[in-house]
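One letter stands for each residue in the lines below.
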Amino acid sequence: MSLNTQNLSKTPLESLIEAEKKAIQLFSEIEKRNLIQTGKSEEQLSQEIYELANEMFGTTRHWHTRIVRAGINTLLPYYENPPLLRLQEDDILFLDLGPIFQEWEADLGRTYVIGNNPQKLKLKNDVESIWNECRNWYLDKIENEIQVTGAELYQKATDLANQNGWEFGGEIAGHIVGQFPHEKLEQEDKTLYIHPENHSSMLSKDKDGNTRNFILEIHLVDRELGIGGFYEQLLTGNYQ
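Definitions and limits used
Residues numbered from 1 in each chain as written. Predicted model: local features only at pLDDT ≥ 70, side-chain atom pairs only at ≥ 80, totals over all residues. Heavy atoms only, no water. Helix = DSSP H or I, 4+ residues; strand = E, 2+ residues; numbered from the N terminus. Buried < 20%, exposed > 50% of the residue type's maximum accessible area, 1.4 Å probe, protein only. Contact = heavy atoms within 4.5 Å. Pairing = 2+ DSSP bridges. Axes fitted to C-alpha atoms, helices over the stretch in contact; angles between N-to-C directions. Left-handed = near helix turned anticlockwise from the far one by under 90°. Nonpolar A, V, L, I, M, F, W, Y, C, P; charged D, E, K, R; others polar. Expected span 1.5 Å × (residues − 1).

Visitor: Explain the environment of Ile24 to me, please; I cannot follow it from the model alone.
Guide: You can see Ile24 is positioned in helix H2 (residues 12–32). For Ile24, a relative accessible area of 29% gives the class partly exposed. For the pair Ile24 and Met202, spaced 178 residues apart in sequence, the C-alpha to C-alpha distance is 25 Å. The residues contacting Ile24, other than those within four sequence positions of it, are Leu108 and Arg110.

Visitor: What exactly am I supposed to notice about the pairing of strand S2 (residues 92–97) here?
Guide: Regular strands place their side chains on alternate faces of the sheet. With six of six residues buried, S2 lies mostly within the body of the structure. Neither face of S2 is exposed, since Ile92, Phe94 and Asp96 on one face and Leu93, Leu95 and Leu97 on the opposite face are all buried. Relative to S2, strand S1 (residues 67–70) is paired through four bridges, and the arrangement is antiparallel. The residue bridging Ile67 from the neighbouring strand is Asp96, located in S2. Relative to strand S5 (residues 108–113), S2 runs antiparallel, the two sharing six bridges. By the bridge assignment, Leu95 is partnered in S5 with Arg110.

Visitor: How should I be thinking about the side chain of Ser46 in this particular structure?
Guide: Residue position: Ser46 is located in helix H3 (residues 42–57). Ignoring anything within four residues of it in the chain, the contact list for Ser46 reads Arg66 and Val68.

Visitor: Before we go on, may I ask you to explain the packing of helix H4 (residues 118–143) against helix H5 (residues 150–163) in this structure?
Guide: For any two helices packed against each other, one specifies the crossing angle of their axes together with the interaxial distance. Contact pair H4 / H5: the axes reach a minimum separation of 10 Å and the direction vectors enclose 145°. Both H4 and H5 take part in a crossing whose hand is right-handed. Facing H4, whose interface residues are Ile130, Glu133, Cys134, Trp137 and Tyr138, H5 presents Glu152, Leu153, Lys156, Ala157, Leu160 and Ala161. Of the residues assigned to the contact of H4 with H5, the class counts are eight nonpolar, no polar and three charged.

Visitor: Where do I start with H4 in this structure?
Guide: Every α-helical turn comprises 3.6 residues, leaving residues that sit three or four positions apart pointing alike. Compared with the 38 Å implied by 1.5 Å per residue over 26 residues, the 37 Å span of H4 between its first and last C-alpha is a close match. Restricting attention to buried positions, one finds in H4 the residues Lys120, Leu123, Asp126, Val127, Ile130, Trp131, Cys134, Arg135, Tyr138 and Leu139. Close packing links the buried residues of H4 with S2, S5, H5, strand S8 (213–222) and strand S9 (227–234). Looking at the residues trailing H4, positive phi occurs at Glu145, about 60°.

Limitation: the analysis is restricted to geometry and does not speak to function.
Shown next as structure tokens:
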């Protein structure tokens, strides 16, 4: 059976999960090779990640710009383009990568801490735990046949951020993802985002009648401390 025939036998969600598993392997290798080091620039780290993805998977395409944010830059959402920084001692940073594997998009975000600053370590832990709590809340609703709108899911993410002492740092809490290129992310079409103005069910079909698959992203910030954390991956799917 050819690779293309194998891919045809999979559902879009199964293909997305497979792509995401490769992205998770990429992140694991970043850690294993100790690429995150004091003194390295955001740009240098981004280039090293690009080369590593090519080495591991032959991946040279990324459906969105590779994001490496350190220090004060971690406060900023995706669409900002701040001056490049170098990683410092006792620093915090996050990676937001969108590699393409066999035409399927991955979108994975993780936070890292250099040193032992307790507030930064708390932020790193909280952003992951809030992602999981938000996802579990959503899945519980769906399993009980309760429709959830994008606005309701965004509000849940915001509430969890506030309950844990953080501000939610993003205008969205996620977006669609799919086969490259996925349905164009039009800012005026809020149904493509986990957004406070998306009052449609998350289970709404796209214009071709297909089920949409969403990325859930959590961006927490403390503007007084000048730090932010980020965590994202597929909203649905079994990662075991």
